[in-house]
Amino acid sequence: MIPGQAVEAVFREEHGRLLAALVRRFGDLDLAEEVTSEAIETALSRWPVDGVPPNPGAWLMTTARRKAVDRLRRDAALAARLAVLQVEADRAGPAPATDEFPDDRLQLFFTCAHPALAAEDRIALTLRCLGGLSTPEVARAFLVPTQTMAKRITRAKHRIRAARIPFRVPGPDELPHRLPVVLQAIYSIFTEGYAAKRTDLTGEAIRLARILRRLMPADREVAGLLALMLLTHARRWPAPDAAGDGAGPAGAADGGAALVGAAEEGAALVVVALTGGAAGFYGVQAAIAALHAEAPDPESADWPQIVALYDVLLSIAPSPVIAVNRAAAVAMRDGPEAGLALLDALAGEPLLRGYGPYTSARADLLSRLGRRGEAEEAYRAALRQAGTDAERAFLRDRIDRIDGIDRL
Amino acid sequence: MKYMLLIHAGAVDEQGGAAGCEPADWMAYDKQVQEAGILVAGESLADLVTATTVRVAADGTRTVTDGPFAETREVLGGFYVIDVPDLDAALDWAARCPGARDGSVVVRPVADFGA
């Protein structure tokens, strides 16, 4: 017998590679998924009895291919449809050699995060196909019922088939438009996980970025995204109160050494991301995260440099949300008054209406300026806009502190 | 695989025709589509003021009205049907279409009941 966890780890690693190779071989995501699951089920029943084969990946691939061929023999209509697809695929480009087992996951990343799919469908498919998460696991990631997620994945796969979204890496002309969509899908998995303090999701996003980095070692933005996530992960969750409910994202089992490792790896990747060309969206954010990570406490961070990096970020991707972060950095550099002036200048931005972090940043600066009444009012407004329990607990604590000062 | 490119003009002039499109751009694009060997069909539509709407009610009553006039900002000005290997190829042709610059091009896969 082999321990269940070891088997699961093998399958998580192999699932994406197997699925990608089968999609390329048969040109159909549904068929590839079906036989990938069947091959893994077969392995689950056979390996504990027969032992794990010397090359588990090749064993799974052979088994899955055999199941696909069986399925095509039984289903003539499907076989005919796939034959047409094959002709079309050959028209689009020369057929690749199919006898070895190369890594086809890059194509799968671009199919799953195709801009013709809805943003949430891209995330769901990326988790399902490349992360190897089961449909119930993907549903848990989105906090929706399994049935809802099953429907969404089915609809997305139908769209891929009906509109013929291709399984290919975009050419150099398209890549600058397409890669950010893939990176966005991975980063969304991370930010969702981070907001909900779910290490399963943040860890999965980092794992996916590592795969992508192996597949695109020369791309600096991929390095930047991985760096950003590692450095963010290496910081403790922002402590909601002085008592420090700041359980580290790595959890108790994964101690400080792992966090230091992540921070060091992230810092090294920032250098890669910022060397050899214009800085990218993720590279600059990673550089900001690295400056935060370097500082023993927020006050001693290199705020002039952080403000300068926010200026670069705003020039790459103008956004009022980034302007809010820049204002907070200016407040650290030049004092709360300067930061507040910048925040107040953003008051008319429609995108910031009802945006909790904006209201909360304003409240923080008002409180630092001793304008307690206005600060409390702003914190209460932020409390109404807060999305998570952790945010609400943090804001209530702030309000209590202001009240406490008033009572003194 | 066949895709229909529905070309919507972003602005309409007083006669209901698409504004801001240079005929030379369209001729160049049309030539490219023809020379690529992907053209199935394609037409440019006459001004919107020439449009007529027909509806038949449940009881068989036929209603013919003039219009529709441009209540929405974007008006269908023409279409292409092209035969290309996949959606990415279709999207690329849509992006090169002059209509995508002044308005928008909607890409619709043509249903295939044969397979």
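All values reported here derive from a predicted model rather than from experimental measurement. (Residues numbered from 1 in each chain as written. Chains lettered and ligands numbered in written order. Predicted model: local features only at pLDDT ≥ 70, side-chain atom pairs only at ≥ 80, totals over all residues. Heavy atoms only, no water.)

Undergrad: Can you lay out the overall build of chain B for me, pointing to particular residues and giving the numbers?
TA: A tally of helices and strands in chain B yields 3 helices and 6 strands. Put simply, chain B runs from its N terminus to its C terminus through helices and strands in the order β-α-β-β-β-β-α-α-β. For chain B, contacts bridging at least 24 residues in sequence account for 75% of all contacts bridging at least 6. Only carbon and sulfur atoms are counted for the fraction: they give 53% of the accessible area of chain B, which is about 7,100 Å². (Helix = DSSP H or I, 4+ residues; strand = E, 2+ residues; numbered from the N terminus. Contact = heavy atoms within 4.5 Å. Areas by Shrake-Rupley, 256 points an atom, 1.4 Å probe, with all protein chains shown as cover.)

Undergrad: Just give me the short version of the overall build of chain A, but keep the residues and values in it.
TA: Within chain A one finds 19 helices and 0 strands. When burial is assessed residue by residue, chain A has 45% of its 408 residues classed as buried. Within chain A, residue pairs in contact and separated by at least 24 positions form 63% of the contacts whose partners lie at least 6 positions apart. As displayed, chain A offers around 19,600 Å² of accessible surface, 56% of which is attributable to carbon and sulfur atoms. (Buried < 20%, exposed > 50% of the residue type's maximum accessible area, 1.4 Å probe, protein only.)

Undergrad: Please give an account of the packing of aromatic side chains that cites residues and values.
TA: Evaluated as defined, the whole model comprises 7 aromatic pairs over all chains. Each ring, one from Phe190 of chain A and one from Tyr194 of chain A, has its centre 6.0 Å from the other, and the planes form 15°; the classification is stacked. Within this pair, Phe190 of chain A and its partner Tyr194 of chain A are both found in helix H9 (residues 175–195), separated by 4 residues, close to a single helical turn. With respect to burial, Phe190 of chain A and Tyr194 of chain A carry one shared label: buried. One aromatic cluster in this structure is built from Tyr187, Phe190, Tyr194, Phe281 and Tyr282 of chain A. Geometry around Phe142 of chain A places Arg152 of chain A over its ring, the cationic atom sitting 5.1 Å from the centre. If you follow Arg96 of chain B out to its NZ or CZ, it ends over the ring of Trp93 of chain B, 4.0 Å from the centre. (Phe/Tyr/Trp six-rings, centres within 6.5 Å; stacked < 30°, edge-to-face > 60°. Lys NZ or Arg CZ within 6 Å of the ring centre and 35° of its normal.)

Undergrad: Which residues make up the pattern of salt bridges, and what values go with them?
TA: Counted under the stated rule, the structure contains 30 salt bridges over all chains. As a salt-bridge pair, Asp334 of chain A and Arg333 of chain A come within 2.9 Å of each other at their nearest N and O atoms. For Asp25 of chain B, the salt bridge is made with Arg101 of chain B, and the minimal N-O distance between the two is 3.8 Å. Of this pair, Asp25 of chain B sits in helix H1 (residues 23–35) while Arg101 of chain B sits in helix H3 (residues 99–102), placing them 76 residues apart in sequence. (Salt bridge = Lys/Arg side-chain N within 4 Å of Asp/Glu carboxyl O.)

Undergrad: Would you mind going over the sheet that holds strand E1 (residues 2–9) of chain B in detail, with residue names and values included?
TA: Residues and elements named next belong to chain B. Taken in spatial order, the 4 strands make up an open sheet running E2-E5-E1-E6, and their pairing is antiparallel. Two strands bound the open sheet, and with one partner strand each, they are strand E2 (39–44) and strand E6 (104–109). Averaged over all pairs of adjacent strands, the angle between their axes in this sheet comes to 20°, without regard to strand direction. Here E1 runs beside strand E5 (residues 75–83); their pairing, made up of 8 bridges, is antiparallel. When the bridges of E5 are listed, Leu6 appears paired with Phe79. (Pairing = 2+ DSSP bridges. Axes fitted to C-alpha atoms, helices over the stretch in contact; angles between N-to-C directions.)

Undergrad: Requested: an account of the packing of helix H6 (residues 119–130) of chain A against helix H8 (residues 146–162) of chain A, with residues and values cited.
TA: Residues and elements named next belong to chain A. As a packed pair, H6 and H8 sit with axes 10 Å apart at the nearest point and diverge in direction by 95°. By the criterion of interaxial angle, the relationship of H6 to H8 is roughly perpendicular. For the pair H6 and H8, contact is made by Glu120, Asp121, Ala124, Leu125 and Arg128 and by Met149, Arg152, Ile153, Ala156, Lys157 and Ile160, respectively. Among the residues making up the contact of H6 with H8, the classes are represented as 6 nonpolar, no polar and 5 charged. (Parallel < 35°, antiparallel > 145°, perpendicular 65-115°, else oblique. Nonpolar A, V, L, I, M, F, W, Y, C, P; charged D, E, K, R; others polar.)

Undergrad: Which residues make up the interface of chain A and chain B, and what values do they have?
TA: The interface is formed by 14 residues belonging to chain A together with 11 residues belonging to chain B. Together chain A and chain B conceal approximately 1,000 Å² of surface at their shared face, both sides included; 56% is due to carbon and sulfur atoms. Taken together, the connections running from chain A to chain B amount to 2 salt bridges. One salt bridge connects Asp88 of chain B with Arg178 of chain A, and the closest N-O pair in it is separated by 3.1 Å. Between the two partners, chain A and chain B, sit 6 residue pairs in polar contact (both at pLDDT 80 or more). When residues in the side of chain A that touches chain B are grouped by element, the largest group, 4 residues, is from helix H4 (residues 76–92) of chain A. Among the residues making up the side of chain A that touches chain B, the classes are represented as 6 nonpolar, 1 polar and 7 charged. (Buried area = accessible area lost by both parts, 1.4 Å probe. Polar contact = N/O pair within 3.5 Å; in protein donor to acceptor, adjacent residues only side chain to side chain.)

Undergrad: Account for the environment of Ala268 of chain A, with residues named and values stated.
TA: Among the structural elements, Ala268 of chain A can be located in helix H12 (residues 256–274). Taking relative accessible area as the criterion, Ala268 of chain A reaches 46% and is therefore assigned partly exposed.

Undergrad: I'd like to hear about helix H2 (residues 87–96) of chain B, residue by residue, with values.
TA: For H2 of chain B, the set of buried residues is Leu87, Asp88, Ala90, Trp93 and Ala94 of chain B. Looking at where H2 of chain B begins, the residue whose side-chain oxygen comes 3.1 Å from the main-chain nitrogen of Asp88 of chain B is Asp86 of chain B.

Undergrad: Describe H6 of chain A, listing the residues and the values that go with them.
TA: It helps to recall that an α-helix has 3.6 residues per turn; residues three or four apart then point in one direction. All names here are of chain A. For H6, which comprises 12 residues, the first-to-last C-alpha distance of 16 Å matches the rise-based estimate of 16 Å (1.5 Å per residue) to within 8%. Within H6, burial applies to Asp121, Arg122, Ile123, Ala124, Leu125, Thr126, Leu127, Arg128, Cys129 and Leu130. Phi for Gly132, located one or two positions after H6, is positive at around 70°. (Expected span 1.5 Å × (residues − 1).)

Undergrad: I'd like a description of the confidence of the model for chain B, backed by residues and values.
TA: Residues and elements named next belong to chain B. Here chain B averages 86 in pLDDT, while 84% of its residues score no lower than 70. The weakest mean pLDDT in chain B belongs to H3 at 86; the strongest belongs to E6 at 96. Two summary scores accompany this predicted model of the complex, namely pTM at 0.84 and ipTM at 0.81. (pLDDT = per-residue confidence, 0-100.)

Undergrad: Now, about the side chain of Thr232 of chain A: what can you tell me, with residues and values included?
TA: If you trace the backbone, Thr232 of chain A turns up in helix H11 (residues 220–234). In contact with Thr232 of chain A, not counting residues within four places along its chain, are Phe190 and Tyr194 of chain A.

Undergrad: Summarise the domain arrangement of chain A; cite the residues concerned and give the values.
TA: Residue and element names in this part refer to chain A. Annotation of chain A at the domain level lists domain 1 (1–95) and domain 2 (106–163 + 174–216). Computed from C-alpha coordinates alone, the two centres of domain 1 and domain 2 are separated by 20 Å. If you look at the interface, domain 1 gives 12 residues, while domain 2 gives 13 residues. Carbon and sulfur atoms make up 46% of the surface buried where domain 1 meets domain 2, a total of about 1,200 Å² over both sides. By the criterion of area lost to domain 2, the three top residues of domain 1 are Arg12, Leu29 and Glu33, representing 45% of everything that side buries. Notably, a salt bridge pairs Asp28 with Arg161, separated by 3.7 Å at the nearest N-O pair. Scanning the region where domain 1 abuts domain 2 turns up 5 residue pairs in polar contact (both at pLDDT 80 or more). Elements that contribute at least two residues to the side of domain 1 that touches domain 2 include exactly helix H1 (4–26) and helix H2 (29–50). (Domains from an automatic or database assignment.)

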